[in-house]
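Commentary on secondary and tertiary structure
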Amino acid sequence: MIDFHIHLLPGIDDGSRDWSETLLLARQSCDDDVTHVVVTPHCMRENLPLKLQERDAKMDELRNRLSDAGLSLELIPGLEYYADGHSSSIAIEQPGSRCGLPSNSEHNPMLIELPFGVDLSFASNVLFNTQLAGVPVVLAHPERYAGFVKRINFFKELLDKGMYLQFNSRSFKSGLFNWAIPRVMLKLIDYCGNQVLVGSDAHDSQFRPAGLRHAREKITSAFGVRGWEEISQSTPRRLLGLQ
Ligand SMILES: [Fe+2]
């Protein structure tokens, strides 16, 4: 299984606070049968080159630490780009700003986060402009934006335009935020399941832990093992350029 969104690296954003927490999150991932994680620190346009340097250095160190700890977890570079009202052109032009291996660089997607409470009509401009620049777009946790439940047709339009939606695993946990959210996420999967991805969006091992258990349970029960494999394996492999 591939976790498409995790704040695993220590001290780079509001995710893991130190290396011991990072290893706890890695262990949670492995215990939940996650084989690959896309490492997605928060980034904004102002600090992008420095953040990417820091990400790459910490990923190298983490690979060594995972090996020392006997944990088998593939790390794939990524970031969660905060589109704060400006165009995403700076991020598009910055090497290493997409999610995936350099060997697939032309096709690698960008994981985009929007301000909460954003006017979704504004959001569509940023997303479409990114797509027009030839970059596959993955919208991070759409279920967390205001109006998600009432605007299902808006998200269907994004899918119609070829964009991808990344749902957080814990949002499938009934009643955690809003009882209607899991229902709408399942409707969107039913509408276009091969443009949906899942991530833990883990920040810490206690309150926002790693693993994809909640998504796996709900998606498997609604769409069977094949449906879950498509979302947790085939689609992310295709997007990330993995064999
Ligand atoms: Fe995140």
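Our structure's up above, just so we're on the same page.
The text that follows walks through the structure, step by step, so that each part is easy to find.

Parameters at a glance
Position labels on residues start from 1 in each chain and follow its written sequence. Thresholds applied to this predicted model are a pLDDT of at least 70 for local features of residues and 80 or more for the giving and counting of side-chain atom pairs; totals over whole chains, interfaces and linings are not thresholded and use all residues. Remark: hydrogens and water are excluded; side-chain values derive from all non-hydrogen atoms of the structure. Starting at the N terminus, helices and strands are each numbered in turn, a helix being any DSSP run of H or I of at least four residues and a strand any DSSP run of E of at least two. C-alpha atoms define the radius of gyration in this analysis, and the globule rule sets the expected value at 2.2 Å times the number of residues to the power 0.38. Under the convention used here, a 1.4 Å probe and the Shrake-Rupley method define accessible areas, while residue burial counts only the protein chains that appear. By the counting rule applied here, Lys and Arg register as positive and Asp and Glu as negative, while His and the ends of each chain are not counted. By convention, charge coordinates are those of NZ in Lys, CZ in Arg, CG in Asp, or CD in Glu. A pair of strands counts as paired when DSSP detects no fewer than two bridges linking them. Where helices are involved, their axes are fitted lines through C-alpha atoms of the stretch in contact, as for all axes, and angles between N-to-C directions lie from 0 to 180°. Should any heavy atoms of two residues lie within 4.5 Å, those residues are considered in contact. Burial classification: accessible surface area is computed with a 1.4 Å probe over protein chains only, and a residue below 20% of its type maximum counts as buried, one above 50% as exposed, and the rest as partly exposed. Orienting the strands away from the viewer, one traces the path from the first strand over the helix to the second; a clockwise path indicates a right-handed crossover.

Counting its regular elements, the protein contains seven helices and nine strands. Over its C-alpha trace the protein gives a radius of gyration of 17 Å, about what one expects of a compact globule, namely 18 Å for 243 residues. Each principal axis of the C-alpha distribution contributes one length, and for the protein these read about 50 × 40 × 35 Å. Split by element, the accessible area of the protein, about 10,600 Å² in all, is 49% carbon and sulfur. Looking at charge distribution, the protein has the averaged site of its 25 positive side-chain charges lying 6 Å from that of its 30 negative ones.

The next point concerns the sheet that holds strand E2 (residues 36–39). One open sheet accounts for three strands, arranged E1-E2-E4; its pairing is parallel. Looking at which strands have only one partner, the edges of the open sheet turn out to be strand E1 (2–6) and strand E4 (74–77). Sheet twist, expressed as the mean angle between neighbouring strand axes with direction ignored, is 25°. Pairing between E1 and E2: three bridges, direction parallel. Bridging from a neighbouring strand, Asp3 pairs with Val37 of E2. On the sheet, helix H2 (residues 48–69) packs against E2 and E4 and is oriented at approximately 175° with respect to E4.

We now examine the pairing of E2. Side chains His36 and Val38 project from E2 onto one buried face, and the interleaved Val37 and Val39 project onto a second face that is buried too. In this view, the connection linking E1 to its parallel neighbour E2 by way of helix H1 (residues 19–31) has right-handed handedness. In this sheet, E4 lies alongside E2 in parallel orientation, the contact comprising four bridges. Residue pairing in the sheet places Val39 in a bridge with Pro77 of E4.

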